[in-house]
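# Descriptive analysis of the structure
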Amino acid sequence: QRRTALSAMGLALASHHAFAQQPIVIKFSHVVTDDTPKGKGALKFKELAEKYTGGRVKVEVYPNSTLYKDKEELDALNSGSVQMLAPSTAKFRPIGVPEFEAMDLPFIFNGEEGYYKTVDGPIGGGLLKRLEAKGITGLAYWDNGFHMVSANRPLLLPADFQGLKIRISGSKIADLYFRKMGALPQIMAFSEVYHALQTGVVDGCENTPSNYWTQKFHEVQKHITVSNHAHLQYAVVTNSKFWNGLPGDVRGQLTKAMAEATRYTNSIAKQENVDALEKIKASGKTTLHYLTPQQRNAWVVALKPVYHEAEARVGKQVVDDLLKSAG
Ligand code: LMR
């Protein structure tokens, strides 16, 4: 009997040991390819997280909508099916944090400098904090530069948008600014855009050079305008219950890995987009256009009323604060 008790104890110990050895798995799902600033950032986080935790954490990265598409991602985070995401700030509308969309205001950031001043300052931090009430912890912002816009005709002046169906990723602000140009914006998952452009379900879209290149949007759009009219940024987020339930030392190591992965991603984002634009140009598959100062001004004037309209959605204070820090 003693032997049975001892061996039972041995078994219990062995299984406890095996349990202790099981790594904590972080599933990190996103919708772009590995070969983008976000894709590379996620892989960098994996590398550093596994290194700093000595293998106690295993990060599984699922790129290019292989696990979840736009709409499903946030539900999956909520239910614990994934532990980490990096959606664009334009995609937080379904969970009820519309304030994030203020960062989609057209021509709001004075270049990348204005963008970094904003996300690294109290506004960026304050917006991430608003996620806490939804059970989400915001860990970082990752940069992906400025949007271009495209269709099968040149888009140089606001009137050129008249009647075009334009795919948007989810933000009400993007909906407002495309409507101001006379276009018909439609929300659609990122993974469906190429096919929709190819078959004419939509006429055009906006995105950064890196996303055009890696999704081949430029192959199904005859004209792209390098308009830099709005900025694309991601909020890297995790499930708060998961995050707060981690052993403190592990959470510290992951925080360090995230800080470094963030510095890395933000350091490559600009060049990745410059390179992607060069490749698009060299492909000869589309015609690139650049706005003259007069054309750009016509856009700025046409879109100015969006700031006021946005206040009803994101709050006047948020727009005012953003205007101050973004300039
Ligand atoms: C989009 O849906 O256009 C972007 O948010 C995709 C991405 O994650 O860069």
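As annotated in an unreviewed UniProt entry, the protein carries the name TRAP transporter substrate-binding protein and is attributed to Ramlibacter alkalitolerans. Looking at the protein in UniProt, the text filed under Sequence similarities (unreviewed entry) is "Belongs to the bacterial solute-binding protein 7 family."

### What to know about the sheet that holds strand β9 (residues 223-225)
Backbone-to-backbone hydrogen bonds pair the strands of a sheet. The strands run either parallel or antiparallel. Taken together, six strands build an open sheet; the order of strands is β7-β6-β8-β5-β9-β11 and the sheet is mixed. The sheet terminates laterally at β7 (184-187) and β11 (287-289), the two strands that pair on one side only. Taken pair by pair, the neighbouring strands of this sheet meet at an average axis angle of 25 degrees, ignoring direction. Looking at chain direction, strand β6 (residues 165-168) and β7 are connected through four bridges and run parallel. Within β7, the position partnered with isoleucine 166 by the bridge is proline 185.

### Structural notes on the packing of helix α6 (residues 172-180) against helix α12 (residues 305-314)
Packing of α6 against α12 brings their axes to within 10 Å, and their N-to-C directions diverge by 145 degrees. Here the hand of the crossing between α6 and α12 comes out right-handed. Across from Lys172, Ile173, Leu176, Tyr177 and Lys180 in α6, the residues of α12 making contact are Pro305, Val306, Glu309, Ala310 and Arg313. Its residues assigned to classes, the contact of α6 with α12 shows six nonpolar, no polar and four charged.

### Concerning the environment of glycine 124
Mapped onto the elements, glycine 124 comes out in helix α5 (residues 122-129). Between the C-alpha atoms of glycine 124 and alanine 49, which are 75 residues apart in sequence, the distance is 24 Å. Once residues within four sequence positions are removed from consideration, glycine 124 is found in contact with Thr118, Val119 and Tyr141.

### Things to note about the pairing of strand β10 (residues 231-239)
Among the nine residues that make up β10, nine are buried, leaving the element largely enclosed by the rest of the structure. The side-chain alternation of β10 yields two buried faces, one formed by His231, Gln233, Ala235, Val237 and Asn239 and the other by Leu232, Tyr234, Val236 and Thr238. Alignment of strand β3 (residues 84-85) against β10, held across two bridges, turns out to be antiparallel. The residue bridging methionine 84 from the neighbouring strand is threonine 238, located in β10. Looking at chain direction, strand β4 (residues 136-146) and β10 are connected through eight bridges and run antiparallel.

### Quick word on the site of the ligand
Near the ligand, the surroundings consist of Val31, Val32, Ser88, Asn144, Ser169, Phe190, Asn207 and Asn211. Along the lines of polarity and charge, the residues of the shell around the ligand split into three nonpolar, five polar and no charged.

### What to know about unusual backbone geometry
Phi at asparagine 64 takes a positive value of approximately 55 degrees, unusual for a residue other than glycine. Along the chain, asparagine 64 turns up in the loop between β2 (57-62) and α3 (70-79). A residue is classified by how many C-beta atoms lie within 10 Å of it, and asparagine 64, with 18 of them, is partly exposed. One non-glycine residue, phenylalanine 107, lies in the positive phi region at around 55 degrees.

### Focus on helix α2 (residues 37-52)
Because each turn of an α-helix spans 3.6 residues, side chains separated by three or four positions in sequence point in the same direction. Between the first and last C-alpha of α2 there are 22 Å, a value that for 16 residues agrees with the 22 Å anticipated at 1.5 Å per step. Of the surrounding elements, those touching the buried residues of α2 are β1 (24-29), β2, β4, α8 (209-215), β10 and α10 (248-283). At the C-terminal side of α2, glycine 54 shows a positive phi close to 60 degrees.

### A word on the sheet that holds β2
On the basis of which strands lie adjacent, the open sheet formed by five strands has the order β2-β1-β3-β10-β4 and mixed pairing. Every other strand in the sheet has two partners, leaving β2 and β4 as the edge strands with one partner each.

### As for the environment of valine 57
Note that valine 57 resides in strand β2. Here valine 57 falls in the buried class, since 21 other C-beta atoms lie within 10 Å of it. For valine 57 and tyrosine 116, which are 59 residues apart along the polypeptide, the C-alpha to C-alpha distance reads 30 Å. Not counting chain neighbours up to four residues away, the residues in contact with valine 57 comprise Pro23, Ile24, Ile26, Ala49, Glu50, Val250 and Leu254.

The rules behind these values
- Residues numbered from 1 in each chain as written.
- Predicted model: local features only at pLDDT ≥ 70, side-chain atom pairs only at ≥ 80, totals over all residues.
- UniProt positions renumbered as here; feature names shortened; annotations may be inferred.
- Pairing = 2+ DSSP bridges.
- Helix = DSSP H or I, 4+ residues; strand = E, 2+ residues; numbered from the N terminus.
- Axes fitted to C-alpha atoms, helices over the stretch in contact; angles between N-to-C directions.
- Left-handed = near helix turned anticlockwise from the far one by under 90°.
- Contact = placed C-beta atoms within 7 Å.
- Nonpolar A, V, L, I, M, F, W, Y, C, P; charged D, E, K, R; others polar.
- Buried ≥ 20, exposed ≤ 12 C-beta atoms within 10 Å, placed from the backbone.
- Near = placed C-beta within 6 Å.
- Expected span 1.5 Å × (residues − 1).

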